[in-house]
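# A closer look at the structure
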Amino acid sequence: MKEFNIDQTLNLVSCDARELEQSSRYGGLFGIAFVTEGEGVLSCDDDSWHYDEQAIFLLSPGHHFHFKSFYRTNLLTIFFDPFRIAGAADQFNGFAGMFRAVRDLFSVPDFLRQKELRSETDRLAVTHLVRLIESELSQLQENSRELVANSTALLVNLVKRNFSDGQSAETALPYNPETERVLADVKKMVHRNEHLTIQEIAVAMNMSQYNLNKLVIKGTGETLKAIISRYRSEAGKTKELDLQE
């Protein structure tokens, strides 16, 4: 099993499917599994799917999966910690953007079924990217971390683009109702008083600072600090326009 951790936000694992099943290390994470070699049947809960090389599966916490291979199955799996990836520094193509892509992938009810890329060009690109990542994992060099991180971001976005069922970002609701309500309250408070701290906002909403930030990160892929900063900027521009009038 070859493992590679990128900035404590995601883990890349290249291994035989049996090794992954026997490991409990990634049981609490979301995963995108690319079959790089093999053929067989993946079982999860009461469902099962036939797979062969280049198949893609989305793995979710709390669902035990089992690969029954006719010979040997090798996987490259990207495991994500949603909360860590949402608050990560913007170093490699923006982890916050990758978090949104992962969130969208796992938001549909049939997330555990086998996925097929609609675009032939994207299928070819994914194949090459997976091989590139596996090659880097086998012989890590000085610039491997950045190369692997960028390649992973491309993989995630290619998968998202093909699994979106044609729904554009503009037609989809940006956040769930609870997140929308919390953001509306935060925005209202910040526009009234730009100097409010996160702690003061949390107290006003009868929440702990930790739980408020966790709710925002889970719902938006951004930290509360970043959102408040944007609201303050909006409030400042509104005041400038009022003064000009």
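Look above for the structure.
Now for a quick tour of the structure. (Residues numbered from 1 in each chain as written. Predicted model: local features only at pLDDT ≥ 70, side-chain atom pairs only at ≥ 80, totals over all residues. Heavy atoms only, no water.)

Within the element layout of this structure, Asn 74 appears in strand E8 (residues 74-80). Note on Asn 74: relative accessible area 13%, which makes it buried. Within the structure, the side chain of Asn 74 is placed 2.6 Å from the side chain of Glu 37, a separation counted as a polar contact. Only 3.0 Å separates the side chain of Asn 74 from the side chain of Arg 72, close enough to count as a polar contact. Residues contacting Asn 74, with those up to four places away along its chain left out, are Cys 15, Asp 16, Phe 34, Val 35, Thr 36 and Glu 37. (Helix = DSSP H or I, 4+ residues; strand = E, 2+ residues; numbered from the N terminus. Buried < 20%, exposed > 50% of the residue type's maximum accessible area, 1.4 Å probe, protein only. Polar contact = N/O pair within 3.5 Å; in protein donor to acceptor, adjacent residues only side chain to side chain. Contact = heavy atoms within 4.5 Å.)

Here we have 5 strands laid out as an open sheet, ordered E1-E2-E8-E3-E6, and antiparallel in their pairing. The sheet is open, and its two edges are formed by strand E1 (2-6) and strand E6 (56-59), each paired on a single side. Along the sheet, successive strands turn relative to each other by an average axial angle of 15°, direction set aside. Across 5 bridges, E1 lies against strand E2 (residues 10-16) in antiparallel orientation. Bridging across to E2, Ile 6 finds its partner in Leu 10. Most of the contacts of helix H5 (residues 144-163) go to E1, to which it runs at about 90°, and overall it touches E1, E2, strand E3 (30-37), E6 and E8. (Pairing = 2+ DSSP bridges. Axes fitted to C-alpha atoms, helices over the stretch in contact; angles between N-to-C directions.)

Turning our eyes to something else, we now look at the sheet that holds strand E4 (residues 40-44). The strand order across the open sheet built from 3 strands is E5-E4-E7, with neighbouring strands paired in antiparallel fashion. Two strands in the sheet have a free side with no partner beyond their single neighbour: strand E5 (47-51) and strand E7 (65-69). In this sheet, adjacent strand axes meet at a mean angle of 20° when their direction is disregarded. Summarising the sheet, E4 and E5 pair through 5 bridges and their orientation is antiparallel. In the strand pairing of E5, Cys 44 is matched with Asp 47.

The contact between helix H4 (residues 120-138) and H5 brings their axes to 10 Å, and the two run at 155°. Here H4 lies roughly antiparallel to H5, going by the angle between them. Where H4 crosses over H5, the handedness of that crossing is left-handed. Only Ser 144, Leu 147, Val 148, Ser 151, Thr 152, Leu 154, Leu 155, Leu 158, Arg 161 and Asn 162 of H5 make contact with H4, whose side of the interface consists of Asp 122, Ala 125, Val 126, Leu 129, Val 130, Leu 132, Ile 133 and Glu 136. Grouping the constituent residues of the contact of H4 with H5 by class yields 11 nonpolar, 4 polar and 3 charged. (Parallel < 35°, antiparallel > 145°, perpendicular 65-115°, else oblique. Left-handed = near helix turned anticlockwise from the far one by under 90°. Nonpolar A, V, L, I, M, F, W, Y, C, P; charged D, E, K, R; others polar.)

Structurally, the position occupied by Ser 151 is in helix H5. Polar contacts involving the side chain of Ser 151 include one to the main-chain carbonyl oxygen of Leu 147, which spans 2.8 Å. With residues near it in sequence (within four places) discarded, Ser 151 still touches Leu 129, Leu 132 and Ile 133.

The two faces of E6 match: Ile 56 and Leu 58 on one face and Phe 57 and Leu 59 on the other face are all buried. Pairing between E3 and E6: 4 bridges, direction antiparallel. Within the sheet, the bridge partner assigned to Phe 34 lies in E6 and is Ile 56.

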